[in-house]
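Chain by chain, the residues:
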Amino acid sequence: MLKSLMVTRAKEDLEQALVEKEELKEKYLEEKAPPIQMSSMSLAELQILCEELHAKIDVVDEERYDIEAKVLHNTREIKDLNIKVLDLRGKFKRPNLRRVRVSADAILRSLLGSKHKVSLDLRANLKSVKKEDTEKEKTVEMSDWRKNVEAMSGMEGRKKMFDAAKGPNQ
């Protein structure tokens, strides 16, 4: 109920403000542009009056154009400044991060606090790889490849390939 009373009160206030605005507009127009009595004017006087009105209209149009140009200029300037502000917000200099070495024990201590007493050696669980094994595999692959090339070169190699292709079909 209170809400509906507030809404009706706001409507009444709005209607009253509109009426007052119209009255102020009419008073201003009466002061600046009094009604013209054309019935008692001659043709020459009417022409002079028209020329005066045209001159006033030209002055008002020039002022309106100047104001529109200023408004357009200001809106462009505001838009540019907003873009600059957004660019400055987005482009901040990030500090160089320092590499920090933290052991697993230190991480667990920071997470668990003083409860952590067991030290973990994560490297102990890793699988060890021997470099010698990988080098031997490479040499074996290279020697096999070279033997295959030497065996397949020449007419003997072509004959073997021909016989191999024929063999499974027969």
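Everything here concerns the structure above.
Criteria and thresholds
Residues numbered from 1 in each chain as written. Predicted model: local features only at pLDDT ≥ 70, side-chain atom pairs only at ≥ 80, totals over all residues. Heavy atoms only, no water. Helix = DSSP H or I, 4+ residues; strand = E, 2+ residues; numbered from the N terminus. Buried < 20%, exposed > 50% of the residue type's maximum accessible area, 1.4 Å probe, protein only. Areas by Shrake-Rupley, 256 points an atom, 1.4 Å probe, with all protein chains shown as cover. 1 Å grid on protein atoms, 1.4 Å probe; cavity = no way out; pocket = protein on both sides within 12 Å on 5 of 7 lines; lining within 4 Å. Points joined across faces, edges and corners; volume = space filled by probe spheres on them. Patch = residues over 30% accessible without salt bridge, like charges linked within 9 Å, V, L, I, M, F, W, Y side chains within 5 Å. Salt bridge = Lys/Arg side-chain N within 4 Å of Asp/Glu carboxyl O. Lys, Arg positive; Asp, Glu negative; His and termini not counted. Charge placed at Lys NZ, Arg CZ, Asp CG, Glu CD.

S.K.: I would appreciate a short explanation of the overall build of the protein in the present structure.
M.R.: Helices and strands together make up the secondary structure of the protein, namely five helices and zero strands. For the protein, the sequential pattern of α-helices and β-strands runs α-α-α-α-α. In the protein, buried positions account for 2% of the 170 residues. Of the roughly 17,800 Å² that the protein leaves accessible, carbon and sulfur atoms contribute 58%.

S.K.: What is the right way to read the layout of surface pockets from this model?
M.R.: Taken as a whole, the largest pocket encloses approximately 260 Å³ of empty space. Counting residues per element, the ones that place at least two in the lining of the largest pocket are helix H1 (2-32) and helix H2 (43-90). Sorting elements by how many residues they give to the lining of the largest pocket places H2 first, with four residues.

S.K.: I keep staring at a negative patch on the surface and nothing clicks. Help me out?
M.R.: A cluster of like negative charges, contributed by Glu-20, Glu-22, Glu-23, Glu-26, Glu-30 and Glu-31, occupies part of the molecular surface. Among the secondary structure elements, Glu-22 is positioned in helix H1.

S.K.: Is there a simple way to explain a nonpolar patch on the surface in this structure?
M.R.: A surface patch of nonpolar side chains, amounting to about 500 Å² of accessible area, comprises Val-100, Val-102, Ile-107, Leu-111 and Leu-112. With respect to the secondary-structure elements, Leu-112 resides in helix H3 (residues 104-112).

S.K.: Teacher, can you tell me more about the pattern of salt bridges here?
M.R.: Where charged atoms from two side chains of opposite charge come close, those side chains can pair. This model, assessed by the stated rule, comprises three salt bridges. Here Arg-9 and Asp-13 are joined by a salt bridge, their closest N and O atoms 3.5 Å apart. Here Arg-9 pairs with Asp-13, and both are found in helix H1, just four residues apart, close to one helical turn. The exposure class of Asp-13 is partly exposed, given its relative accessible area of 35%. Put simply, Asp-61 and Arg-64 hold a salt bridge, and the shortest N to O gap is 3.7 Å. Placement of both Asp-61 and Arg-64 in helix H2 is noted, with a separation of three residues, approximately one turn of the helix. Judged by relative accessible area, which is 44%, Arg-64 ranks as partly exposed.

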